[in-house]
Amino acid sequence: MTELAQNVIDGLGRGSIYALLALGIAVIFGVMHLLNFAHGELITVSGYVAYWVFSAGLNWYWIAPLVVLVSVGTALAIEQVAFRWVRGAADFTMLLTSFGVHFVVQAVFFMYVSASVRNFDRPRWITNTFDVGPVTIEVFDVVVVAVTALTLAATAAVLLRTMFGLSLRAAAEDFDAARLMGVKSDRVIRGAFALSGVLAGIAAIFWLMRAGQTTPSAGITPMLKGVLAALIGGLGSLRGAVLGGLLLGLAEVLLRSRLPDGIAGLTDGVVFVLIALLFIFRPGGLITVSRAERV
Amino acid sequence: MKHPGSFADARRDVAFPMTGAALLAAVLIVGGAVYSAAGGATADKLVTAMLIDAIMVVGLQIYIGNTGVFSFGHIGFAAVAGYAFAVLAIEPARKSTVIRNAPWGLNEVHLTPVQATAVASLVTLAAAVVVGWGLARSGAKSGSVSAAVITLALLFVTHELALNWTDLTGGDRAGLSFRIGNTLEGRTVIYAVLVAVIVVARLFAQSRIGRLAQAAREDNLAARAMGVNPVAGQVAALLLSVLVVAVAASLRVYDIGNITPKFFFFDYTLLTLVMLIVGGRNSVTGALSGVVIITAGRELTRRFASDGFEFFGASLDAPVVDWLLREGLTQIFLGAAMLGFMILRTNGLLGDWELDTWLWRRWRRRKPEERPEPLAEIAPVGLHVEVDREGAALEVHDLAVDFGGFRALDGAGLTVAPDEVVGLIGPNGAGKTTLVNVITGVVAPSAGWFKVGERELTSAPSHDIARAGLVRTFQNLRLFGALTVHQNVELAARVAAQHRPGNHPPVDALIAEAGLWDVRGRRARELDYGSARRLELARAAAMAPAYLLLDEPTSGMSDAESAEMIGRIRHMAAAVDAGVLVIDHDLNFITGISDRIYVLDQGQVISAGTPDEVQADPAVRAAYLGAESDAEGRA
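Rules used throughout
Residues numbered from 1 in each chain as written. Chains lettered and ligands numbered in written order. Predicted model: local features only at pLDDT ≥ 70, side-chain atom pairs only at ≥ 80, totals over all residues. Heavy atoms only, no water. Domains from an automatic or database assignment. Contact = heavy atoms within 4.5 Å. Buried area = accessible area lost by both parts, 1.4 Å probe. Salt bridge = Lys/Arg side-chain N within 4 Å of Asp/Glu carboxyl O. Phe/Tyr/Trp six-rings, centres within 6.5 Å; stacked < 30°, edge-to-face > 60°. Buried < 20%, exposed > 50% of the residue type's maximum accessible area, 1.4 Å probe, protein only. Lys NZ or Arg CZ within 6 Å of the ring centre and 35° of its normal. Pairing = 2+ DSSP bridges. Helix = DSSP H or I, 4+ residues; strand = E, 2+ residues; numbered from the N terminus. Axes fitted to C-alpha atoms, helices over the stretch in contact; angles between N-to-C directions.

Draft legend 1. Spotlight on the domain arrangement of chain B. Residues and elements named next belong to chain B. As assigned here, chain B comprises domain 1 (10-261) and domain 2 (417-445 + 458-634). Placing the centre of domain 1 and that of domain 2 at their C-alpha centroids yields a distance of 45 Å. With 21 residues of domain 1 at the contact, the number on the domain 2 side is 26 residues. Contact with domain 2 buries area across many residues of domain 1, yet Arg 208, Arg 211 and Met 226 alone supply 33% of it, more than any other trio. On the surface where domain 1 and domain 2 come into contact, there are 3 salt bridges.

Draft legend 2. Examining the packing of aromatic side chains more closely. Considering all chains together, one arrives at 27 aromatic pairs over all chains under this definition. Consider the rings of B:Phe264 and B:Tyr268, whose centres lie 5.8 Å apart with planes at 70 degrees: the pair is edge-to-face. With respect to class, B:Phe264 is no different from B:Tyr268; both count as buried. Here B:Trp353 and B:Trp358 contribute two aromatic rings whose centre-to-centre distance is 5.8 Å and whose plane-to-plane angle is 50 degrees, an arrangement assigned as tilted. Classification of B:Trp353 by relative accessible area gives partly exposed; the value is 32%. With relative accessibility at 38%, the residue B:Trp358 sits in the partly exposed group. Directly above the ring of A:Phe92 sits B:Arg281, whose terminal nitrogen or CZ lies 3.6 Å from the centroid. A cation over a ring is seen here: B:Arg478 above B:Phe474, with NZ or CZ 5.7 Å from the ring centre.

Draft legend 3. Region of the structure containing the pairing of strand β5 (residues 394-403) of chain B. Residue and element names in this part refer to chain B. Relative to strand β6 (residues 406-416), β5 runs antiparallel, the two sharing 8 bridges. Directly across from Glu 395, in β6, lies its bridge partner Thr 415. Counting the residues that bridge the hairpin from β5 to β6 gives 2 residues, and of these Gly 404 lies at a positive phi of roughly 60 degrees. Bridge analysis of β5 against strand β8 (residues 447-452) gives 5 bridges, and the strand direction is antiparallel. Bridge pairing in β8 places Leu 394 opposite Val 452.

Draft legend 4. Seen up close, the environment of B:Phe204. All names here are of chain B. Along the chain, Phe 204 turns up in helix α7 (residues 188-206). Spatially, the C-alpha atom of Phe 204 lies 29 Å from that of Ala 460, the residues being 256 residues apart in sequence. If sequence neighbours within four positions are ignored, Phe 204 has contacts with Ile 62, Asn 66, Ile 209, Gly 210, Gly 233, Ala 236, Ala 237 and Leu 240.

Draft legend 5. Layout of the sheet that holds strand β9 (residues 455-456) of chain B. Strand order in the open sheet formed by 4 strands is β6-β5-β8-β9 (chain B), with antiparallel pairing between adjacent strands. Sheet topology places β6 and β9 of chain B at the edges, where each strand pairs with a single neighbour.

Draft legend 6. How the structure looks around the pattern of salt bridges. Using the criterion set out here, one finds 28 salt bridges over all chains in the structure. Across the pair B:Arg407 and B:Asp402 runs a salt bridge, and its minimum N-O distance is 3.0 Å. Each of the salt bridges in this network shares a partner with another, and the network as a whole consists of A:Glu79, A:Arg84, A:Arg87, A:Asp186 and A:Arg190.

Draft legend 7. Fine view of the sheet that holds strand β12 (residues 579-584) of chain B. Residue and element names in this part refer to chain B. Reading across the sheet, the 6 strands line up as β10-β11-β12-β7-β13-β14 and stay open at both edges, with mixed pairing between neighbours. Looking at which strands have only one partner, the edges of the open sheet turn out to be β10 (470-472) and β14 (604-609). On average, each strand axis in the sheet is inclined to that of its neighbour by 20 degrees, with strand direction left out of account. Relative to β12, strand β11 (residues 547-551) runs parallel, the two sharing 5 bridges. In the strand pairing of β12, Leu 548 is matched with Val 580.

Here it is in structure tokens:
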């Protein structure tokens with residue numbers, strides 16, 4: 001029981017970051033049906049920003065806001081350079097475009113920055129823990145969960161209360177109809193990328209605080225986690241993405257602590273197979289977003 | 001005269017593809033031999049790698065090209081095959097040092113490379129059966145995300161297994177390696193495999209099952225409405241493509257002499273995918289061009305990165321250039337190639353262009369064909385498609401459909417007798433298209449049933465319904481865009497030949513009847529609107545249907561075109577002996593074409609009868625035509 005409680009606490013901390021990543025991916029999938037495999041590049045770029053700011057002798061109070069700013073900027077830049085040209089193209093085209101962005105960004109960092117690991121200090125409080133009965137809680141997890149909850153609340157407020165949020169939800173429901181109702185597609189798509197940039201930036205802060213380092217390919221793992229979480233949630237569904245993130249975090253912690261030693265290294269593979277099975281039996285994801293084809 | 005029911009044209013589908021394949025292989029082989037003769041050992045290695053990549057990429061093309069289903073996982077299959085091959089073919093003495101604890105006594109096994117390839121292929125095919133089942137179960141179709149995810153899972157699982165199952169794979173550090181000198185000698189085997197694989201890929205694309213797969217790629221829904229079960233084509237393409245990939249993987253491992261987990265993972269996936277899409281994934285010629293272009297580009301960027309910019313004697317020597325060009329350039333090249341082609345030319349350089357098809361067209365153009373007799377001349381009183389049409393009425397009873405809270409159909413029913421033309425009319429949102437969607441298996445009803453003759457079809461899948469004789473057209477035009485006019489009609493005729501009894505209308509006559517003879521070689525997506533509508537009608541008629549279900553066949557047409565369409569539909573239906581259920585909201589058109597009319601409003605039939613009776617019905621005037629004066633104006 002104690003172990004389970006411990007797992008749930010750990011899983012929530014982990015899952016919160018996944019939820020932020022997944023939400024960013026789901027927002028973009030909603031407005032332009034693009035499964036963004038380049039989402040992890042926002043983390044990579046953020047990692048180098050963290051490294052440079054840190055090398056300049058500044059601490060995390062400077063790093064955190066800069067990371068969010070740069071992440072938003074990068075998201076908008078990627079949209080401008082690549083995705084705006086494939087709007088409305090076949091899913092195949094958009095999927096491979098995002099892959100192309102991923103590989104180009106990764107190669108640019110590899111070539112012009114460094115192939116080796118770049119380190120920066122992690123905040124000192126990150127390893128602090130406190131005990132509640134038999135369960136040990138990391139201060140970091142508490143901060144992550146709290147900030148995620150605040151971010152989600154703010155995002156929900158934006159989506160539900162503002163004109164931009166309304167256009168974005170309308171566009172996610174039916175893009176053509178939304179345009180006919182006067183929603184400016186350009187603004188909605190750019191807004192969606194900016195929002196995904198904010199969410200990825202916040203996720204990046206936590207991801208980097210914990211990692212304390214970055215490499216040109218640092219974005220791959222967070223990107224995969226985000227994509228998997230968004231897939232679990234049914235891709236287009238924003239609520240599903242958050243739920244998918246939390247579920248993925250829990251599933252990973254549970255599998256890692258429960259799987260026998262020899263197979264524990266396969267956790268990611270097992271998660272992947274579970275998700276593949278989910279897609280085989282429920283092609284729409286856990287929370288089905290009905291997207292009926294017009295006949 | 002060709003045997004009816006046989007659509008294979010020996011020249012088009014066999015002789016030319018084989019010749020074209022041989023030509024393509026010859027270009028690669030001779031070009032490669034010349035280059036390696038001039039360039040020494042490095043060039044030799046490069047050419048060998050390119051030829052093996054070519055086999056691999058053709059393997060990918062067989063699946064991705066023909067089905068349009070996007071697979072990230074084919075390199076995962078390659079990993080399975082590569083490891084299976086290495087484990088079986090490396091001699092026991094060597095295995096006892098690298099994988100001492102191999103399971104199932106595998107370190108005692110020693111097969112020849114050919115035997116090992118065969119067994120590795122079988123193992124990989126078994127994996128393909130599992131993945132193929134999963135893909136079919138998930139309803140994979142062109143561009144579907146679920147297929148990308150399922151195949152990506154395969155890639156990751158094989159990678160993690162390779163990393164972690166060290167007893168079998170040697171893990172990350174050592175991997176599995178052959179003894180030095182104990183690897184592939186010469187390129188004869190590669191040449192032979194390359195020729196065979198290109199021939200097979202072209203024959204498959206021209207085969208019946210290949211055509212069915214391509215139809216489903218172009219439009220899954222329309223393919224099912226033409227009696228095509230997309231799963232069959234996808235599974236066939238998957239198994240064939242995985243077989244080719246397994247052989248290519250074995251060759252690659254044997255040529256290089258070792259295998260590690262990263263050997264068949266992301267980098268190779270990127271490389272092969274870029275090769276596939278740059279030339280054009282829908283064509284074998286395109287895939288092979290991509291292999292050559294990307295191999296050359298990669299070699300060039302690699303040289304720029306290591307030796308600085310030097311191109312045919314011209315050289316740039318500046319610190320900026322040296323700073324720009326450095327290790328990693330090849331990765332940028334690959335990423336940029338993928339990005340650039342997706343943005344600028346998503347179907348690759350060649351699109352659907354295929355060498356042998358082009359040659360065949362040129363060859364055929366030299367001897368003009370005679371315009372066939374239109375259907376009306378061949379079969380003025382019908383072809384008598386079905387032997388026994390007694391009591392084979394289409395009956396639809398009490399259908400109900402709910403979309404969320406909206407009741408689109410509320411107990412609607414109708415009957416159509418064989419040889420009868422029945423109109424279904426109603427205002428927008430009355431449920432007309434929903435009714436056709438239900439009786440073609442696209443939408444499942446919450447209540448009610450329908451049957452043709454004695455055969456109840458209520459819960460049958462779309463393709464079975466089409467095979468049973470209910471064949472539809474679509475309001476928003478769903479043709480197989482990349483296929484020619486002729487291929488569109490022929491495809492339906494092929495399905496009919498297998499699944500519809502009795503006589504079948506000749507393909508050429510149908511095309512002539514639809515007024516499309518002069519454009520029969522043109523791709524369907526290039527047709528003007530009216531021609532596209534007529535092609536849809538001809539394609540449906542080629543199914544030799546018991547009933548044609550026409551969903552707004554004149555939408556978007558002028559009054560004159562609509563009037564002409566009346567004659568064409570009645571004629572075509574009579575010629576293939578089909579009853580007709582035609583939907584429209586244009587009263588003039590419906591009264592002009594129909595023997596009987598049903599009026600649908602808010603999901604219910606509010607009136608039925610002859611055109612005159614319906615027009616006189618006050619309920620109809622109220623519900624459908626609105627104001628009295630308006631009714632006078634239109635009717």
